[in-house]
Amino acid sequence: MEKFEKQMEFLIEAEKLKNIIRQSPLPFNRKENDAEHSWSLCLYAVVLSEYAEEGTDILKCLKMLLIHDMVEIYAGDTYLYDEEANKDRERRELAAADKIFSPLGKQGEELKDLWLEFEANKSKESRFANIMDRFQPVILNYLSHGSAWQEHNVNSRQVLEMGKEKVMKGHENIKNYYLNIINDAVEKGWLKK
């Protein structure tokens, strides 16, 4: 019963993810929360799974995507293009990972290991999960006519730089789609050159 109670505490704590508002805009005039983001990434991973490296364990990717932002319950969402906030992001998120996962004991260690693997971006699964995590927000920005990019004065060079170690190393179809919507956003004036 004690293990079950700890699992329920974790699941109840996880509900707080719905309150962490991201900078990514939704196409209907509000910003996405972390829970919506995680769900969306899982859907992307399922639908686009054929574009993962051969032998990628998609179930493992889904687990990573479900928990990758759990640390933001305590560390907050750090906007990708906020250089100052990103200086101590790793430290804040590691402390948050200890806090959120440790009550689950061995199961928490397994979840933290998945989170660390996602962060390291070295396994097939973490690479595909990270591609989804970098790809989806660009699509949301595009669908909202660049509202977050404009709000934060982001330019296409920054977007491309943030995608070069993740999206640009993915499947040709994903990479080309990503580049096409960035170029189209620049042409339409939604994203600075």
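About the cut-offs
Residues numbered from 1 in each chain as written. Predicted model: local features only at pLDDT ≥ 70, side-chain atom pairs only at ≥ 80, totals over all residues. Heavy atoms only, no water. Buried < 20%, exposed > 50% of the residue type's maximum accessible area, 1.4 Å probe, protein only. Helix = DSSP H or I, 4+ residues; strand = E, 2+ residues; numbered from the N terminus. Pairing = 2+ DSSP bridges. pLDDT = per-residue confidence, 0-100. Axes fitted to C-alpha atoms, helices over the stretch in contact; angles between N-to-C directions. Parallel < 35°, antiparallel > 145°, perpendicular 65-115°, else oblique. Left-handed = near helix turned anticlockwise from the far one by under 90°. Contact = heavy atoms within 4.5 Å. Nonpolar A, V, L, I, M, F, W, Y, C, P; charged D, E, K, R; others polar. Patch = residues over 30% accessible without salt bridge, like charges linked within 9 Å, V, L, I, M, F, W, Y side chains within 5 Å. Areas by Shrake-Rupley, 256 points an atom, 1.4 Å probe, with all protein chains shown as cover. Salt bridge = Lys/Arg side-chain N within 4 Å of Asp/Glu carboxyl O. Phe/Tyr/Trp six-rings, centres within 6.5 Å; stacked < 30°, edge-to-face > 60°.

S.K.: What is the right way to look at the pairing of strand 1 (residues 21-26) in this model?
M.R.: A regular strand places its side chains on the two faces of the sheet in alternate fashion. Across the six residues that make up strand 1, a large majority, five, are buried. Note: strand 1 against strand 2 (residues 30-33), three bridges, orientation antiparallel. Of the residues in strand 2, the one forming a bridge with Leu-26 is Arg-30. Turn length for the strand 1-strand 2 hairpin, with the two strands adjacent in sequence and antiparallel, is three residues, and the turn residue Asn-29 shows positive phi of about 65 degrees.

S.K.: Would you explain the confidence of the model for the chain in this entry?
M.R.: Low pLDDT marks regions whose predicted coordinates should not be analysed in detail. Taken over all residues, the pLDDT of the chain has a mean of 93, while the share at 70 or more is 99%. Looking across the chain, the model is least confident in strand 1, with a mean pLDDT of 85, and most confident in helix 3 (residues 58-67), with 98.

S.K.: Help me understand the packing of helix 3 against helix 8 (residues 124-143) in this model?
M.R.: Two numbers describe a pair of packed helices, the interaxial angle and the distance between the axes. In contact at an axis separation of 9 Å, helix 3 and helix 8 are set at 55 degrees when each is read in the N-to-C sense. It follows from the interaxial angle that helix 3 and helix 8 lie oblique. For the crossing formed where helix 3 meets helix 8, the hand is right-handed. When helix 3 is examined against helix 8, the residues Ile-58, Lys-60, Cys-61, Met-64 and Leu-65 are found in contact with a partner set consisting of Glu-125, Ser-126, Phe-128 and Ala-129. Residues belonging to the contact of helix 3 with helix 8 are distributed by class as follows: six nonpolar, one polar and two charged.

S.K.: Teacher, can you tell me more about a nonpolar patch on the surface here?
M.R.: On the surface, Phe-4, Met-8, Leu-11 and Ile-12 cluster together to form a nonpolar patch covering roughly 390 Å² of accessible area. Within the element layout of this structure, Met-8 appears in helix 1 (residues 2-14).

S.K.: What is the right way to read unusual backbone geometry from this model?
M.R.: Excluding glycine, residues mostly carry a negative phi; peptide bonds, for their part, are mostly trans. Despite not being glycine, His-145 shows a phi value in the positive range, around 60 degrees. By the element assignment, His-145 lies in the loop between helix 8 and helix 9 (147-151). For Asn-153, which is not glycine, the phi torsion reads 55 degrees and is therefore positive. Mapped onto the elements of the fold, Asn-153 is located in the loop between helix 9 and helix 10 (156-163). You can call Asn-153 partly exposed: its relative accessible area is 48%.

S.K.: Explain the pattern of salt bridges to me, please; I cannot follow it from the model alone.
M.R.: Tallied over the entire structure, the rule returns 21 salt bridges. We note a salt bridge from Asp-77 to Arg-22, for which the minimum N-O separation is 3.9 Å. Taken together, the residues span a long stretch of sequence, with Asp-77 in the loop between helix 4 (72-75) and helix 5 (83-86) and Arg-22 in strand 1 at a distance of 55 residues. According to the relative accessible area criterion, Asp-77 is partly exposed, its value standing at 26%. The exposure class assigned to Arg-22 is buried, which follows from its relative accessible area of 9%.

S.K.: Teacher, can you tell me more about the packing of aromatic side chains here?
M.R.: Two aromatic rings, taken as a pair, are described by how far apart their centres are and by the angle between their planes. Per the counting criterion, the structure on display carries five aromatic pairs. Taking the centre distance of 6.2 Å and the plane angle of 35 degrees together, the rings of Phe-10 and Phe-101 count as tilted. Of this pair, Phe-10 sits in helix 1 while Phe-101 is found in helix 6 (residues 89-101), placing the two residues 91 residues apart along the sequence. By the burial criterion, Phe-10 is buried, and Phe-101 matches it.

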